[in-house]
Amino acid sequence: MMLQVASDPLMKVENLVVEYSVGGKTIHAVSDVSLEIARGETLGLVGESGCGKSTLGRAVLQLRQAVSGKVLFDGHDLTTLKGEALRQMRRRVQLIFQDPIASLNPRRRIGDIVAEPLVIAGVKDPEERKRRVSEVLSAVGLDPVLVSGRLPHEFSGGQCQRICIARSLVLNPEFVICDEPVSALDVSIRAQILNLLEEMKARYGLTLLFIAHDLAVVKAVSDRVAVMYLGRLCEVAPSEQLFARPAHPYTALLIEAIPVPDPDVRPTQSVPVGEPPSPIAPPSGCRFRTRCPRADARCASEVPELRVVAPGQYAACHHPLV
Amino acid sequence: MSGALLSVENVMVDLPTPRGNLRAVDHVDLAVGAGRTLGIVGESGCGKTMLSRAILQLLPKKAKLSGRVMFDGQDLTGLSAEKLRKLRGRSLAVVFQDPMTSLNPVLTIGTQLIETIQEHLELDLAQARQRSIELLAAVGIPAPEQRLAQYPHQLSGGMRQRVAIAVALSCEPQLLIADEPTTALDVTIQAQILDLLAREQQRRHMAMIIITHDLGVVAGRTDEVAVMYAGRVVERAPTPALFKRMRMPYTEALLAALPKLDVAPHTPLPAISGRPPDPTRPLKGCSFSPRCRYSAGRCTTEKPQLSPAETQEHVYACFHPIAAGAGA
Ligand SMILES: Nc1ncnc2c1ncn2[C@@H]1O[C@H](COP(=O)(O)OP(=O)(O)OP(=O)(O)O)[C@@H](O)[C@H]1O
Ligand SMILES: Nc1ncnc2c1ncn2[C@@H]1O[C@H](COP(=O)(O)OP(=O)(O)O)[C@@H](O)[C@H]1O
Ligand code: SF4
Ligand code: SF4
Ligand SMILES: [Mg+2]
Ligand SMILES: [Mg+2]
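Basis of the calculations
Residues numbered from 1 in each chain as written. Chains lettered and ligands numbered in written order. Predicted model: local features only at pLDDT ≥ 70, side-chain atom pairs only at ≥ 80, totals over all residues. Heavy atoms only, no water. Helix = DSSP H or I, 4+ residues; strand = E, 2+ residues; numbered from the N terminus. Rg over C-alpha atoms; globule rule 2.2 N^0.38 Å. Buried < 20%, exposed > 50% of the residue type's maximum accessible area, 1.4 Å probe, protein only. Contact = heavy atoms within 4.5 Å. Buried area = accessible area lost by both parts, 1.4 Å probe. Polar contact = N/O pair within 3.5 Å; in protein donor to acceptor, adjacent residues only side chain to side chain. Nonpolar A, V, L, I, M, F, W, Y, C, P; charged D, E, K, R; others polar. Phe/Tyr/Trp six-rings, centres within 6.5 Å; stacked < 30°, edge-to-face > 60°. Near = heavy atom within 4 Å. Areas by Shrake-Rupley, 256 points an atom, 1.4 Å probe, with all protein chains shown as cover. Core = buried A, V, L, I, M, F, W, Y, C linked by side-chain atoms within 4.5 Å. Pairing = 2+ DSSP bridges. Salt bridge = Lys/Arg side-chain N within 4 Å of Asp/Glu carboxyl O.

K.L.:
Any chance you could explain the overall build of chain B here in plain terms?
P.N.:
Helix and strand counts for chain B stand at eleven helices and twelve strands. At 21 Å, chain B has a C-alpha radius of gyration in line with the 20 Å of a compact globule built from 328 residues. Oriented by its inertia axes, the alpha-carbon framework of chain B measures out at about 70 × 50 × 40 Å. Within chain B, the proportion of its 328 residues that are buried is 55%. In chain B, the share of contacts with a sequence separation of at least 24, taken over all contacts with a separation of at least 6, comes to 64%.

This is the structure:
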């Protein structure tokens, strides 16, 4: 299955498998995931808590070793690179963490926190470091003179996220993984940070993998969206198409669950009670079948492969909605 | 407001801080009747939690509360600690954003439910146990009997919130306050929890207050909405009236800042710039004026008071309200 989006995608994930082992049991966090991300594209990745989004992000960055599969960045397989070669590649790929406040060292000053990737990358000239730090802090809307000497606890959640974004940009990366960058923020700050990410993307020519569990947030910034459930991809499609005509029953469920700010739209009561099954013993066949209204015998015996259901749209379902 | 189960009358909460006095809640009036749901909406730090703690008489020790909190005919601000404790488990219940705030990590789910029930209701152990199982089933927990022996950390976030709701409902409260009950949860789980609260609220004819920063959450699930900003209620209306014709620029801005599904990707969001004012440095004029696109004239020198729109039920505090036909 190829999921081709461009003749030379910047990031290509092939059959990635990531597992954790806990007390002798295996957690199937990411199972056989393949993805491509074109240069300059934003790919959104959605799914419920625990479905493996962060694990996928960390495995792409080689912060977590994959059991099998390839991660091709600009044609180089990161899973086989070592030492200096891996370090060189890693400079070009950065991560923005889920919890902005927890991801900043409380005892270090903002200037040093943002400069840290430069130090690790071996930029020795302090003037050069200072110049880069000032540039990215200004870019994210913070005054370098006012903030550089202060500590993280003096900032709000939204400001901490701006600092994290500045830190991720200081090495001039090409590819940034944003792991739920706005989940911990309230409505108004969320809008500010989403706009900022879009500005930064345009200004620095970035390619983004944008992880979130809120579909409306993902739609606001993504060209295409990938939907994940219990370690597997369910559907990949251009954003507009995914919302207009979801093919996978799980995608349809997610769309229905979004609260609509209109009192005339009564919330649907069709969302199944029941929670995702355990990733230790995922259901046979289609992993979504225990909550799927369309499930039948075939769904229990045969794993559905991602296949084309419409131009540019892929779904892993035996009975897709389109 | 007579006849309401709960009425909050001119409530103010002041907190001493190293930076000076912080007025977290400022001249708030609200009421909720039995069987009704009130939504309280506003950005982080605008005083929602402090207001709910003022209602429950669970404020930090150094806080100073003034005004009255009338519940079922008595003023809670004058009650003894003992009376309040009884009332809180029995008639007044609360569900917090983080379920671990209401659950005890070292006790099993069963112990917590059974103890709460036995403390407030005249039931023996077997009856309390049976009732706990029924409650867990009612909040959608599979295999409820087995769950009694489990500890909170052995459950997922969504399950824990269900258990917290079961504990809150265990003594058939008259009023349930849910403070951002779903902010920490995924959308599908959020929808389930909100459905669950709505169902139990109707079945028990409870009064309910849902606190959230997301106008989308209150739209289909409340009878009335109060919008808070910088400690004050700045607009209050029956939910349909509010969404049909919001008058307060802040309410409009909160709604606009939500990402919408019918908007094309990469459309910049109309964000509200800046942050709410520092609550230890209150502004002379309208608290929203530094961020308001309609600010003009007296907005920076005078505080707008709540005044009625078309009906007495819809009130707003603004010198230049959004004209009829505009807004949402
Ligand atoms: N224990 C406390 N001591 C001093 N100030 C406090 C205390 N708790 C809250 N505050 C302040 O009171 C104001 C209102 O806080 P509150 O927690 O009620 O807001 P909120 O709307 O619930 O915000 P959030 O969504 O972040 O919980 C804020 O300025 C906050 O910093
Ligand atoms: N360090 C770890 N050790 C063991 N299990 C883990 C670890 N990190 C994540 N998991 C498990 O892997 C699965 C996927 O987790 P994660 O990728 O963090 O999900 P998400 O980011 O989508 O919330 C979950 O079941 C989670 O509990
Ligand atoms: S394969 Fe079957 S169970 Fe899975 S989503 Fe499709 S219809 Fe539902
Ligand atoms: S009173 Fe003035 S500043 Fe305040 S919301 Fe109305 S128009 Fe805006
Ligand atoms: Mg995560
Ligand atoms: Mg709060």
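K.L.:
So what exactly am I meant to see when it comes to the interface of chain A and chain B here?
P.N.:
Interface size, as often reported, equals the accessible area lost upon joining of the parts. Chain A puts 46 residues into the contact, and the matching count from chain B is 47 residues. When the two sides are added together, the surface that chain A and chain B hide from each other amounts to roughly 3,600 Å², 61% of it contributed by carbon and sulfur. Viewed at the interface, chain B and chain A are joined by eleven residue pairs in polar contact (both at pLDDT 80 or more). Of all the elements in the fold, those that place two or more residues in the side of chain A that touches chain B are helix 7 (187-204), helix 8 (215-221), helix 9 (239-244) and helix 10 (249-257) of chain A. By residue number, the principal contributor to the side of chain A that touches chain B is helix 7 of chain A, which donates ten residues. By residue class, the composition of the side of chain A that touches chain B is 23 nonpolar, eleven polar and twelve charged.

K.L.:
Before we go on, may I ask you to explain the packing of aromatic side chains in this structure?
P.N.:
Note on aromatic pairs: each is described by the distance of the centres and the angle between the planes. All names here are of chain A. All told, the structure shown has seven aromatic pairs over all chains when counted by the stated rule. Aromatic side chains Tyr 229 and Phe 288 sit 4.9 Å apart centroid to centroid with 80° between the ring planes, which places their arrangement in the edge-to-face category. In this pair, Tyr 229 is assigned in strand 9 (residues 224-229) and Phe 288 in the loop between helix 10 and helix 11 (297-301), connecting sequence segments 59 residues apart. Accessibility expressed as a relative area gives 2% for Phe 288, which makes it buried.

K.L.:
Help me out: how do you make sense of the site of ligand 2 in this one?
P.N.:
Residue and element names in this part refer to chain A. Taken together, 14 residues are adjacent to ligand 2, and Tyr 20, Gly 50, Lys 53, Ser 54 and Thr 55 come closest. Contact between ligand 2 and Cys 51: an oxygen atom at 3.4 Å from a main-chain N or O atom of the residue. For ligand 2, an oxygen atom lies 3.3 Å from a polar atom in the backbone of Gly 52. Protein chains shield 66% of the accessible area of ligand 2, which is 560 Å² for the free molecule. Secondary structure elements with two or more residues in the shell around ligand 2: strand 1 (11-22), strand 2 (25-37) and helix 1 (53-60).

K.L.:
Whenever I open this one, unusual backbone geometry confuses me. Can you help?
P.N.:
Note: most residues except glycine have negative phi, and most peptide bonds are trans. Residue and element names in this part refer to chain B. The backbone of Asn 10 sits at a positive phi, close to 50°, despite the residue not being glycine. You can see Asn 10 is positioned in strand 1 (residues 6-17). Its identity as a non-glycine residue notwithstanding, Asp 72 has a phi of 50°, on the positive side. Within the secondary structure, Asp 72 is located in the loop between strand 4 (64-71) and strand 5 (74-75). According to the relative accessible area criterion, Asp 72 is partly exposed, its value standing at 48%.

K.L.:
Mind showing me how you'd approach the nonpolar core here?
P.N.:
Generally speaking, nonpolar side chains in soluble globular proteins are found buried as a group. Counting residues in hydrophobic clusters, the biggest one holds 94 residues, and the most contacted among them are Val 114, Ile 165 and Phe 210 of chain A together with Tyr 250 of chain B. For this core, the element with the most residues is helix 7 of chain A, which contributes nine residues. For Ile 165 of chain A, the contacting residues outside a window of four places in its chain are Ile 96, Val 140, Ile 193, Leu 196, Leu 197 and Met 200 of chain A. Core analysis: the second largest hydrophobic core is formed by 39 residues, Leu 30, Met 50, Leu 84 and Leu 175 of chain B among them.

K.L.:
I tried to follow the site of ligand 1 on my own but got confused; where do I start?
P.N.:
Residues and elements named next belong to chain B. Among the 15 residues in the neighbourhood of ligand 1, the closest are listed as Ser 44, Gly 45, Lys 48, Thr 49 and Met 50. Between ligand 1 and the protein, one listed contact pairs an oxygen atom with a backbone N or O atom of Gly 47 at 3.2 Å. Lys 62 places a polar side-chain atom, nitrogen or oxygen, 3.5 Å from a nitrogen atom of ligand 1. A total of 640 Å² of accessible area belongs to ligand 1 in isolation, and the protein chains cover 68% of it. Among the elements of the structure, strand 2 (20-32) and helix 1 (48-56) are those that each provide at least two residues to the shell around ligand 1. Ranked by residue count, the leading element in the shell around ligand 1 is helix 1, at three residues. Classifying every residue of the shell around ligand 1 by side-chain character gives seven nonpolar, four polar and four charged.

K.L.:
Which parts of the structure should I look at to understand the sheet that holds strand 10 (residues 232-238) of chain B?
P.N.:
What links the strands of a sheet is backbone hydrogen bonding, and the strands pair in either a parallel or an antiparallel sense. Residue and element names in this part refer to chain B. Read from one edge of the open sheet, eight strands run 6-7-8-3-9-10-12-11, paired in mixed fashion. Because the sheet does not close on itself, it has two edges, and the strands there are strand 6 (92-95) and strand 11 (307-308). Sheet topology places strand 11 next to strand 12 (residues 315-316); two bridges connect them, and they run antiparallel. Directly across from Ser 307, in strand 12, lies its bridge partner Tyr 316.

K.L.:
Looking at this model, I keep getting lost on the side chain of Glu 200 of chain B. Mind explaining?
P.N.:
Residue and element names in this part refer to chain B. Checked against the element boundaries, Glu 200 lands in helix 8 (residues 187-204). Residue class for Glu 200 comes out buried when judged on its relative accessible area of 3%. A distance of 2.8 Å separates polar atoms of two side chains, one belonging to Glu 200 and the other to Arg 204.

K.L.:
Help me out: how do you make sense of the pattern of salt bridges in this one?
P.N.:
A side chain of one charge can pair with a side chain of the opposite charge when the charged atoms of the two come close. Applying the stated rule across the entire model yields 40 salt bridges over all chains. A salt bridge links Arg 291 of chain A to Glu 48 of chain A, with the shortest nitrogen-to-oxygen separation between them at 3.1 Å. In this pair, Arg 291 of chain A is assigned in the loop between helix 10 and helix 11 and Glu 48 of chain A in the loop between strand 3 (42-46) and helix 1, connecting sequence segments 243 residues apart. The two residues Arg 291 of chain A and Glu 48 of chain A agree in class, both being buried. Salt bridges sharing partners connect three or more residues here, namely Arg 131, Glu 172, Arg 199, Glu 200, Arg 203 and Arg 204 of chain B.

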